[in-house]
Every structure is written in C-alpha cells, then in structure tokens.
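Below are the chains, spelled out letter by letter.
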Amino acid sequence: MEKTLYENYIAILENELLPAMGCTEPIAVAYCAALARKTLTDVPERVEISVSGNILKNVKSVVVPNTGGLRGIAAAAAAGIVAGESDKKLEVLSRVSEQDKARIQAYCSRTKITVTQAHTGCIFDIGVRAFAPCGEAFVRIAGHHTNVVKIERNGKVLFDCETPEEDCCVYKGLSVENIVTFANEVDPDDIKEVLERQIAYNTAIAREGLNNDYGARIGKVLLAAFGNDVHNRAKATAAAGSDARMNGCSLPVVIVSGSGNQGMTASLPVIVYAEHLGVPHEKLLRALALSDLITVHLKSGIGRLSAFCGAVSAGCGAGAGVCYLYGGGYEEIARTLVNALAIDSGIVCDGAKSSCAAKIASAVEAGLVGMEMCRHGSQFHGGDGILEQCVESTIENVGDLARKGMRETDEEIIRLMIKNIESK
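Values in this document were obtained by computation on a predicted structure and should not be read as measured data.

**A word on a negative patch on the surface**
Residues E14, D187, D189, D190 and E193 make up a contiguous surface patch of negative charge. The element that contributes the greatest number of residues to the negative patch is helix 7 (residues 188-211), accounting for three residues. Assignment of secondary structure puts E193 in helix 7. We classify E193 as exposed; its relative accessible area is 71%.

Below, the structure is given as structure tokens:
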C-alpha cells in the first residue's frame, strides 16, 4: 500500500477513535460551558445557550452522566459549569464527585439558563454566553464536537477562527478496496494502542448494560427472547452498550465519527464474533480497523449529524468486519456492504435516547444478514432501488440520500421535537 495513504489511514483511526464519557452532543455542550466558565473566571449567574437543531435533537432526551439523572441542554451546561474540566474535552464530566452532583442539581434549580435554536446554517453549532458580576464570556463550538471557533471575554476576542463548513469529502482517500488492503497489510503495532482501548472500553460498558437495568434493557431483552447464539449475542452486546450509555452510565466509550453509539456498533459485534470463531488477536485488530474505517467512509458522505441514523453505517462496518473474520476479501466485503445498505438505509435519527439501542440491534442485524447472504451465495444487485453495481457508487448514493434527500425530513423531526418541548 502506498505510504502516504497508509499513514493517512493510521491518522484517521487516531483522530476518530477517541474516548468519550456520555452521549457526545450533551458532552460537547458541557465542554463548551466549562470553557465559558473558565474564560469568565467565575461561576455565572445567568447563561444563554444557542444550539443548532441537530444538537437540540440529540440532547433533549438523553441522560447526562454524573448529574443524578438530569436530561437536556441546560443540565449538560450546568454540569460543565459546576464540575467540568475543560482540558479533558469529551471526558469533561469524568471526575464529577457525589458532592458535585448535588451542586449541579442546585445550580440548575437556582440559575436562569435559557436555550434557543441557532440559525447559522451550521448543522453542528453550540454557543454559550455566561454572565457574572465580573463580566461575561462567550464560547462557540462549530463543525464537530471539540472544534472551538470563538472565545470572547467582556467583548474582547481571545480566539477566533473561520467556522468550518462540514466537509463531507474530508476523508476522500477512503475506499472499500483500499481499506481491505490496509487491513491486510497494516503492522498491528501501528494500530494496537487505539484498538486495544476500543476493545477494553466498549466491552466494559456493554457488560455494564447486560448486568444492570438501563433504559429499555434492549440487550437483556434480546438475550432473554432469542437466545445466546453468536448472531443474537452480537446484536445484544452492542445494544446493551447503548442501553447503558443513553441512560447515564459514567463509563467511557471509544467513539467513531463523533459517536459513541457508532463506536460500539462498529466494534462490539466484531469482538463477539472473533471470540466465537477463536481467531488470533491480530486478526481481530485487523477486522476492527476495517470496520471502523468503513464506518468512517460511509459517514463521510453523510456528515456528523443528519436525519439518517448513524448506526446504519456502523452496522454495515460491523458486517464487513465479521465478513473479514470469516476470510472474506474485497469482493465479499463489497457485496456485504451493498446487501446491508439495501436492507436498512431507511432508519431515521430522532435524537439520542433509549430507543437508540434497538436501532443499533436492527443495524447490526442488517450487517450480519448482508454478510450471511454473501456467504450463502445470495446478493442484491445494482439497479435494485438506489443500489449500483459498484459499491462506491452505492455508498455515494446513500450519502446523497442522507445529506440532501433527508434534509427536509431532518427539519420536520426537529420541528416536531421543538413542538413537543413547548407543549410541556
């Protein structure tokens, strides 16, 4: 494999496979608020928050970790202000004490925190303006979860950079064929650190979800209803991680494409199948790298946030990773992806919440069915719906569907969610 492309793929894995505690959108709000408080150098008495519709959608219903069960944007901001460590970025709430939890709840009850929708045209946009007797501070994050684009104190700009448009072609060097080549040729030592962390973190939170009652207990329900065979166990394990994460578990996960749910979906089924098949650990690392990179490849044409459920892309990645464990090469993996995309490309994202676990189970099912179709000599063909003969053209079509075709769907979902908030 060409050296520059090889190094680029290593960099993508290092940039994407980051640790995060809690759903990444509320954590981004907490991070932004923690930065505003640090800039202000005092605890604000009043806070104004503006967020894009997709942030509103993904924060509204999910439990913010280490807050005693609080949900929503105001709670996330309060947690960041009271107990957040901005230097830890997506693990900003990882050191909250029991005393801090009580302080967060008290701060929420006594402080005026207003939330409005931003109409900047940026899909990912968070602005926090904090007021105290000493003055005011403003911090804005745009484009992705930790991308700080502006910091102000008392009207003076301390940091400013051009707000990036979300670049759907940022990873244009990715292709299924090159990803398979990379998985075959990569030196395991070059990817071991990030992937071992992914295995450890995501396995731990999945175990937590299976051992305890979080949310709708989708993982536990799947095992109780459909048994412990490897196919069902792979779905249940991924769902259980989401059960825990969407409902306040404070264990970290390793994310992919800015999402912990996608990170768990892309990794946990592959880990379960690797254990079942008894493959060498090096083979697991290669399969995980393939699954993660395919997930990023699929998501790069869609964008970080949209009306298209990100678990679909990760489920396809997982199916491809399991196909690789069974010995599949480029042709088999390409057919697996086309099959999976034909099955499950219609799941909408209506925000982060308990039902994400069930959507993950569905996405993993699609990936595994697509893989088994390939193993049994069956496939969907180009010309069926939006499918093309070429896997890359099919991926491009799905990206266009999600990014362009579902734009109005996204707006309607956000409108319905705002109406639901206002009616309470």
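**Section: the packing of helix 13 (residues 330-344) against helix 14 (residues 356-375)**
Where helix 13 contacts helix 14, the two axes come as close as 8 Å, and the packing angle between them is 135°. Comparing the axis directions of helix 13 and helix 14 gives the class oblique. Considering how the two elements wind past one another, helix 13 and helix 14 form a crossing that is right-handed. Only S362, A363, A366, G367, V369, G370, M371, M373 and C374 of helix 14 make contact with helix 13, whose side of the interface consists of E332, R335, T336, N339, A340, I343 and D344. Class assignment of the residues belonging to the contact of helix 13 with helix 14 gives a composition of eight nonpolar, five polar and three charged.

**A short note on the sheet that holds strand 3 (residues 112-117)**
A sheet is described by the order of its strands in space; here six strands give the open sequence 3-2-4-5-6-7, paired in mixed fashion. This sheet does not close on itself; its edge strands, each paired only once, are strand 3 and strand 7 (156-160). For this sheet the average axis-to-axis angle between neighbouring strands, irrespective of direction, equals 10°. Summarising the sheet, strand 2 (residues 46-51) and strand 4 (residues 125-132) pair through six bridges and their orientation is antiparallel. By the bridge assignment for strand 4, S50 is matched with G127. Seen against the sheet, helix 2 (residues 24-40) touches strand 4, strand 5 (135-142), strand 6 (148-153) and strand 7 and runs at an angle of roughly 150° to strand 5.

**Observations regarding the packing of aromatic side chains**
Under the criterion given, the structure shown has three aromatic pairs. Judged by centre distance (5.4 Å) and plane angle (55°), the ring pair of Y6 and F182 falls under tilted. Taken together, the residues Y6 in helix 1 (residues 3-16) and F182 in helix 6 (residues 176-185) connect sequence positions 176 residues apart. Take Y6: its relative accessible area is 16%, and that puts it in the buried class. With centroids separated by 6.3 Å and ring planes inclined at 65°, the aromatic side chains of Y273 and Y326 adopt a geometry described as edge-to-face. Residue Y273 is located in helix 10 (residues 260-277), and its partner Y326 is located in the loop between helix 12 (310-325) and helix 13; the two are separated by 53 residues in the primary sequence. In this structure an aromatic cluster arises from ring pairing among Y6, Y9 and F182. For R46, the ring lying beneath its charged end belongs to F131, and the centroid distance is 3.9 Å. Over the aromatic face of Y324 sits the side chain of K283, whose NZ or CZ is 4.4 Å from the ring centroid.

**A word on helix 6**
Along helix 6, the residues classified as buried are V176, I179, V180, F182 and A183. For helix 6, the buried positions fall inside an angular range of 160° around the axis, keeping them on one side.

**Points about the confidence of the model for the chain**
The share of residues in the chain with pLDDT of 70 or more is 97%, and the mean pLDDT across the chain is 92. Scored below 50 in pLDDT, residues 165-170 makes eleven contacts in the model with residues more than four places away or belonging to other chains.

**Re helix 12**
If you check helix 12, its first and last C-alpha atoms are 23 Å apart, about what 16 residues at 1.5 Å a residue would give, namely 22 Å. Of all 16 residues in helix 12, 16 are buried; the element is thus mostly enclosed. Once helix 12 ends, the next one or two residues include G327, with phi positive near 100°.

**Considerations on the side chain of R286**
Turning to its location among the elements, R286 is positioned in helix 11 (residues 281-300). Within polar-contact distance, the side chain of R286 engages the backbone oxygen of N184 at 3.0 Å. Setting aside residues up to four positions removed in sequence, R286 forms contacts with A183, N184, E185, V186, P188 and Y324.

Cut-offs and rules
Residues numbered from 1 in each chain as written. Predicted model: local features only at pLDDT ≥ 70, side-chain atom pairs only at ≥ 80, totals over all residues. Heavy atoms only, no water. Patch = residues over 30% accessible without salt bridge, like charges linked within 9 Å, V, L, I, M, F, W, Y side chains within 5 Å. Areas by Shrake-Rupley, 256 points an atom, 1.4 Å probe, with all protein chains shown as cover. Salt bridge = Lys/Arg side-chain N within 4 Å of Asp/Glu carboxyl O. Lys, Arg positive; Asp, Glu negative; His and termini not counted. Charge placed at Lys NZ, Arg CZ, Asp CG, Glu CD. Helix = DSSP H or I, 4+ residues; strand = E, 2+ residues; numbered from the N terminus. Buried < 20%, exposed > 50% of the residue type's maximum accessible area, 1.4 Å probe, protein only. Axes fitted to C-alpha atoms, helices over the stretch in contact; angles between N-to-C directions. Parallel < 35°, antiparallel > 145°, perpendicular 65-115°, else oblique. Left-handed = near helix turned anticlockwise from the far one by under 90°. Contact = heavy atoms within 4.5 Å. Nonpolar A, V, L, I, M, F, W, Y, C, P; charged D, E, K, R; others polar. Pairing = 2+ DSSP bridges. Phe/Tyr/Trp six-rings, centres within 6.5 Å; stacked < 30°, edge-to-face > 60°. Lys NZ or Arg CZ within 6 Å of the ring centre and 35° of its normal. Arc of directions from axis to C-beta. pLDDT = per-residue confidence, 0-100. Expected span 1.5 Å × (residues − 1). Polar contact = N/O pair within 3.5 Å; in protein donor to acceptor, adjacent residues only side chain to side chain.

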